[in-house]
Amino acid sequence: MRIARFSIDGNVAFGAVEGDKPDELVLDIIKGIPFADFELSGTKVPLGKVRLLPPVLPNKVVAFGRNYAEHAKELGNEVPDAPFAFFKPSTSVIGPGDDIRYPSFSNELHHEAELAVVIGRMCREVPRERVKDVILGYTCANDVTARDVQKREKQWARAKGFDSSCPLGPWVETDLDLSAVSEGITIQCTVNGQQRQLGRTSEMTHSVEDLIVNITEAMTLLPGDVILTGTPAGVGPLNVGDEVAVTIEGIGTLTNKVIKRG
């Protein structure tokens, strides 16, 4: 099931996305929230009549760096032996079609296409064999990074945590199997229609299971929290006016435009 969060006529709701052709997609409004038992209402709204929002509002976004060897290499970094985590604040999250605002304190903004894991239940100290049980589904993410600030400040709070630096969407795909992610699904990033990144999740150094086991050893994850799993090689610059799209096999496409910060 594809679960979207949307607004219409000033109201916010979740809905199940139905249909195959982009111009024929409809939302069947969900009774309740997707983190508990819910029913479909049968009330359907054309996708084109609503504004898609970030598919979840996470309490925290836990991101993992240097999880693709070729990406680590392209930036002159070594691949860490253990998962390497950092945080993006909830205020960094935006949805499909929302603007990425070029930060005034940077002159080198980069895209980083990533598979995002959405947590479906409160969990801690998750054993490897139970990881699949705590996952609601997957969505597309762009770990937008002020690369010059990241290099200059040596820590990543401002470089990766500024407002609008975490586009998520367009929806959460709940039917994507963890084994398919391990075997490899395609991640692609284009800027103004030109391909920049192309990789497969099978290239991850540390698997989704590794990442969730690692972070839940230290902290509790809550329903709606998001795990960013790293980016393949090919990261590069974004400029004001660019349109950047992240496409992940079996999920969909997340598109955002870069604008000057007002």
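Details of the structure are given in the entry above.
Residues numbered from 1 in each chain as written. Predicted model: local features only at pLDDT ≥ 70, side-chain atom pairs only at ≥ 80, totals over all residues. Heavy atoms only, no water.

J.: When you look at the overall build of the protein in this model, what are you seeing that I'm missing?
T.: Broken down by element type, the protein carries five helices and 20 strands. By the compact-globule yardstick of 18 Å for 262 residues, the protein fits well, its C-alpha radius of gyration being 17 Å. Dimensions along the principal axes, computed over C-alpha positions, put the protein at roughly 55 × 45 × 30 Å. Buried positions account for 52% of the 262 residues belonging to the protein. Put simply, 70% of the contacts in the protein that link residues at least 6 apart link residues at least 24 apart. Accessible surface for the protein amounts to roughly 11,700 Å². Of this, 48% is attributable to carbon and sulfur atoms. (Helix = DSSP H or I, 4+ residues; strand = E, 2+ residues; numbered from the N terminus. Rg over C-alpha atoms; globule rule 2.2 N^0.38 Å. Buried < 20%, exposed > 50% of the residue type's maximum accessible area, 1.4 Å probe, protein only. Contact = heavy atoms within 4.5 Å. Areas by Shrake-Rupley, 256 points an atom, 1.4 Å probe, with all protein chains shown as cover.)

J.: Could you clarify how one ought to interpret the side chain of Asp 148 in this entry?
T.: With respect to the helices, strands and loops of the structure, Asp 148 is situated in helix H2 (residues 147–153). One buried charged side chain, Asp 148, makes no salt bridge at all; its nearest oppositely charged neighbour is Arg 152, positioned 4.4 Å away. Apart from residues lying up to four places away in sequence, Asp 148 is in contact with Ser 106, Asn 107 and Glu 108. (Lys, Arg positive; Asp, Glu negative; His and termini not counted. Salt bridge = Lys/Arg side-chain N within 4 Å of Asp/Glu carboxyl O.)

J.: Would you explain the sheet that holds strand S13 (residues 145–146) in this entry?
T.: Here three strands make up an open sheet; going across it, the order is S13-S10-S18 and the pairing antiparallel. Where the open sheet ends on each side, the last strands, each with one partner, are S13 and strand S18 (236–238). Bridge count between strand S10 (residues 109–111) and S13: two bridges; the pairing is antiparallel. Of the residues in S13, the one forming a bridge with Leu 109 is Ala 146. (Pairing = 2+ DSSP bridges.)

J.: Any chance you could explain helix H5 (residues 208–216) here in plain terms?
T.: One turn of an α-helix holds 3.6 residues; hence residues three or four places apart share an orientation. Of all nine residues in H5, seven are buried; the element is thus mostly enclosed. Those residues of H5 that are buried lie in contact with strand S6 (61–65), strand S7 (84–88), strand S11 (113–119), strand S12 (135–142), helix H4 (178–183) and strand S17 (226–228).

J.: What is the right way to read the packing of aromatic side chains from this model?
T.: Working definition: an aromatic ring pair is given by the centre-to-centre distance plus the angle between the planes. Enumeration over the complete set of coordinates arrives at three aromatic pairs. On the basis of an interplanar angle of 75° and a centroid distance of 5.0 Å, the ring pair of Phe 86 and Trp 156 is categorised as edge-to-face. Residue Phe 86 is found in strand S7, and its partner Trp 156 is found in the loop between H2 and helix H3 (157–161); the two are separated by 70 residues along the sequence. Taking the relative accessible area as the measure of exposure, Trp 156 reaches 14% and is therefore buried. Relative to Phe 162, the ring of Phe 105 lies with its centre 6.3 Å away and its plane at 85°, an arrangement referred to as edge-to-face. Of this pair, Phe 105 sits in the loop between strand S9 (99–102) and S10 while Phe 162 sits in the loop between H3 and strand S14 (166–173), and the two are 57 residues apart along the sequence. Classification of Phe 105 by relative accessible area gives partly exposed; the value is 25%. A network of ring pairs unites the aromatic residues Phe 84, Phe 86 and Trp 156 as a single cluster. The ring of Phe 84 carries Arg 66 above its face, with NZ or CZ at 5.4 Å from the centroid. (Phe/Tyr/Trp six-rings, centres within 6.5 Å; stacked < 30°, edge-to-face > 60°. Lys NZ or Arg CZ within 6 Å of the ring centre and 35° of its normal.)

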